[in-house]
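Structural features, examined
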Amino acid sequence: MTIKISTQFDAGSIELVSAKAPHSIELKLRRDSHADFMQWFYFRLQGGKNQRCSIRVTNAGDATYPDGWAGYQAVASYDRQRWFRVPTAFDGEVLTISHGPQHDSVFYAYFEPYAWERHLDLLAKVQLDQRVNIVDLGNTVDGRDLNLVVVGNPDVSKKVWVIARQHPGETMAEWFAEGLLNALLDRDNPVAIALRERAVFYIVPNMNPDGSIRGNLRTNAAGANLNREWMSPSLARCPEVFHVRNKMHETGCDLFLDIHGDEALPYVFVAGSEMLEDFTAKQSEEQQAFIDRFKRGSEDFQTEFGYPSGKYGVDLLKLASKYVGHTFKCVSLTLEMPFKDNAHSPDPKVGWNGARSAALGRAILPAILDNVRKGAR
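Residues numbered from 1 in each chain as written. Predicted model: local features only at pLDDT ≥ 70, side-chain atom pairs only at ≥ 80, totals over all residues. Heavy atoms only, no water.

A few words on the overall build of the protein chain. Scanning the protein chain for helices and strands turns up nine helices and 17 strands. On C-alpha atoms alone, the protein chain measures out to a radius of gyration of 21 Å, which is about the 21 Å that the 2.2 N^0.38 rule sets for 377 residues. For the C-alpha atoms alone, the extent of the protein chain along its principal axes is close to 65 × 45 × 40 Å. Scored against the burial criterion, the 377 residues of the protein chain give a buried share of 60%. Sequence separation of 24 or more characterises 74% of the internal contacts of the protein chain that already satisfy a separation of 6 or more. Accessible area of the protein chain: about 15,100 Å², with a carbon and sulfur share of 47%. Distance from the positive charge centre (43 side chains) to the negative charge centre (47 side chains) of the protein chain: 2 Å. (Helix = DSSP H or I, 4+ residues; strand = E, 2+ residues; numbered from the N terminus. Rg over C-alpha atoms; globule rule 2.2 N^0.38 Å. Buried < 20%, exposed > 50% of the residue type's maximum accessible area, 1.4 Å probe, protein only. Contact = heavy atoms within 4.5 Å. Areas by Shrake-Rupley, 256 points an atom, 1.4 Å probe, with all protein chains shown as cover. Lys, Arg positive; Asp, Glu negative; His and termini not counted. Charge placed at Lys NZ, Arg CZ, Asp CG, Glu CD.)

Quick look at the sheet that holds strand S17 (residues 331-338) now. Where strands meet in a sheet, backbone hydrogen bonds hold them as pairs that are either parallel or antiparallel. On the basis of which strands lie adjacent, the open sheet formed by seven strands has the order S11-S12-S14-S13-S15-S17-S16 and mixed pairing. Looking at the sheet topology across the chains shown, the edges are occupied by strand S11 (132-139) and strand S16 (269-271). For this sheet, the mean angle separating the axes of adjacent strands, direction not counted, is 25 degrees. Inspection of the sheet shows S11 paired to strand S12 (residues 145-151) by seven bridges, in the antiparallel sense. Within S12, the position partnered with Ile134 by the bridge is Val149. Set on the sheet, helix H7 (residues 320-328) makes contact with strand S13 (158-164), strand S15 (255-262), S16 and S17; between it and S17 the angle comes to about 165 degrees. (Pairing = 2+ DSSP bridges. Axes fitted to C-alpha atoms, helices over the stretch in contact; angles between N-to-C directions.)

This part covers the packing of aromatic side chains. Inspection of the entire model under this criterion finds 22 aromatic pairs. The interplanar angle of 80 degrees and the centroid separation of 5.8 Å between the aromatic rings of Phe111 and Phe339 together place this pair among those described as edge-to-face. Taken as a pair, Phe111 in the loop between strand S10 (105-109) and helix H1 (116-126) and Phe339 in the loop between S17 and helix H8 (354-363) lie far apart in primary sequence, 228 residues in all. Given a relative accessible area of 0%, Phe111 falls into the buried group. Overall, Phe339 belongs to the buried group, its relative accessible area being 0%. Summarising the aromatic geometry, the rings of Trp161 and Tyr202 are spaced 5.0 Å apart at their centres and angled 15 degrees between planes, so their arrangement reads as stacked. Linking Trp161 in strand S13 with Tyr202 in strand S14 (residues 199-204), this pair joins segments that are 41 residues apart in sequence. Note on accessibility: Trp161 and Tyr202 belong to one class, buried. In textbook terms, an aromatic cluster arises when at least three aromatic residues are bridged by ring pairs, as seen for Phe41, Phe43, Trp69, Tyr72, Tyr108, Tyr110, Phe111 and Phe339. A cation sits over an aromatic face here: Arg80 above Phe9, 5.9 Å from the ring centre. (Phe/Tyr/Trp six-rings, centres within 6.5 Å; stacked < 30°, edge-to-face > 60°. Lys NZ or Arg CZ within 6 Å of the ring centre and 35° of its normal.)

Evaluation of the coordinates by the stated rule reveals zero disulfides. Cysteine Cys238 is unpaired, with the sulfur of Cys253 as its nearest cysteine sulfur at 19 Å. A disulfide-free cysteine, Cys330 has its sulfur positioned 4.1 Å from the sulfur of Cys253, the nearest such atom. (Disulfide = S-S within 2.5 Å.)

Counting buried residues in strand S9 (residues 95-99) gives four out of five residues, a clear majority hidden from the surface. As paired strands, strand S5 (residues 53-57) and S9 are joined by five bridges and run antiparallel to one another. Across the sheet, Val57 pairs through a bridge with Leu95, a residue of S9. The loop that links strand S8 (residues 88-90) with its antiparallel partner S9 comprises four residues; one of these, Gly92, has a positive phi angle of about 100 degrees.

With that out of the way, let us pick up the packing of helix H5 (residues 239-251) against H7. With their axes 12 Å apart at the nearest point, H5 and H7 run at an angle of 25 degrees to one another. It follows that H5 is roughly parallel to H7 by the angle criterion. Here the hand of the crossing between H5 and H7 comes out right-handed. Taking contact as the criterion, the partners of Arg245, Met248 and His249 in H5 are, on H7, Tyr323, Val324, Thr327 and Phe328. Partitioned by chemical class, the residues of the contact of H5 with H7 number four nonpolar, two polar and one charged. (Parallel < 35°, antiparallel > 145°, perpendicular 65-115°, else oblique. Left-handed = near helix turned anticlockwise from the far one by under 90°. Nonpolar A, V, L, I, M, F, W, Y, C, P; charged D, E, K, R; others polar.)

Here we come to H8. Structural remark: α-helix, 3.6 residues per turn; residues separated by three or four positions point the same way. Within H8, seven of the ten residues are buried, which leaves it mostly tucked inside the rest of the structure. Listed in full, the buried residues belonging to H8 are Gly354, Arg356, Ser357, Ala358, Leu360, Gly361 and Ala363. Each element contacted by the buried residues of H8 is listed here: helix H2 (172-184), helix H6 (281-297), S17 and helix H9 (365-375). Where H8 begins, the side chain of Asn353 points an oxygen toward the backbone nitrogen of Ala355, at a separation of 3.4 Å. (Polar contact = N/O pair within 3.5 Å; in protein donor to acceptor, adjacent residues only side chain to side chain.)

This part takes up the pattern of salt bridges. Two side chains of opposite charge can pair, provided their charged atoms sit close to one another. Inspection of every chain in the model, using the stated rule, returns 19 salt bridges. For Asp129, the salt bridge goes to Arg187, with nearest N and O atoms at 4.0 Å. Residue Asp129 is located in the loop between H1 and S11, and its partner Arg187 is located in the loop between H2 and helix H3 (190-198); the two are separated by 58 residues in the primary sequence. Residue classification places Arg187 among the exposed residues on the basis of a relative accessible area of 51%. Close ionic contact of Arg165 with Glu174 constitutes a salt bridge, the shortest N to O distance being 2.8 Å. No difference in accessibility class separates Arg165 from Glu174, as the two residues are buried. Taken together, the shared-partner salt bridges connect Asp142, Arg144, Asp210 and Arg214 into one network. (Salt bridge = Lys/Arg side-chain N within 4 Å of Asp/Glu carboxyl O.)

In structure tokens:
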């Protein structure tokens, strides 16, 4: 069987250079739609069974985050259900994946994908719970549905907003959202029960459906980086932010979490809003209390490594968590998870993956409950 590389499926992305033999497969990263970002890849290889395959991504050194390749191992799967890490090396220019597939068909990806069909299945499942409403906020650039999951009674005073996957290639964010939703709807979880009595949750599991399906790393179908559009979102260029921001202003917000993945740092961490000029003492106290409680509740979360407070400069209020922290004067955090393994609690076989992201979504509930309780005093 000859070697074949294909990407014509949900989130597929790579460019074929040459595939004459298993030991000399050459590929190139593809740029996002109407943008220069490139890092995400997801492709299928056929014809390599029981042969040592050497897959060279020749332009990896030109990726948006070349530091992301240091210590990185690609993920692979035969059934697209169970993903595992495979030997990967980076020489400063070329990323080389070395693997001997055990079957005729194998998939490789930058991180464990979260399929659009799974997204629709998640919405279909949770809407069967009488405590859940699925709200259609509007259409994306490509005309897909942008859905909001509302959990609880909107008449309660505390409003918790969680958005995920503004950057579509950061699929760990939607795995997190799935874990959070499943835990929140667990009838036997005492933390979830207490939360549902005190707060209503507004959760957007996928902020960027178009970019997700197109196989983009950071942008939507129009080439917009959604997490730089929060000051003045355009309905034409970034309807996703336009609709979500409008809904948030309609409901109010008492706690905001924006879920992401970081290409370079092998840690779970948060970026707060303390760099805002109008950041209040109350926000500071509540932010630190949230972080401390989250750290006690999760071995995966740490506070030693993360972003410096001055990272974003003039772009500050264009970012979701900074805009929300400034506008609503609440705890407003960006949560980051690794594409690599979590150096704080490593698992060499799978690295950081979907299941661990979902577990983190469950583990954050006690910190949310503490924040809601203190805010009610």
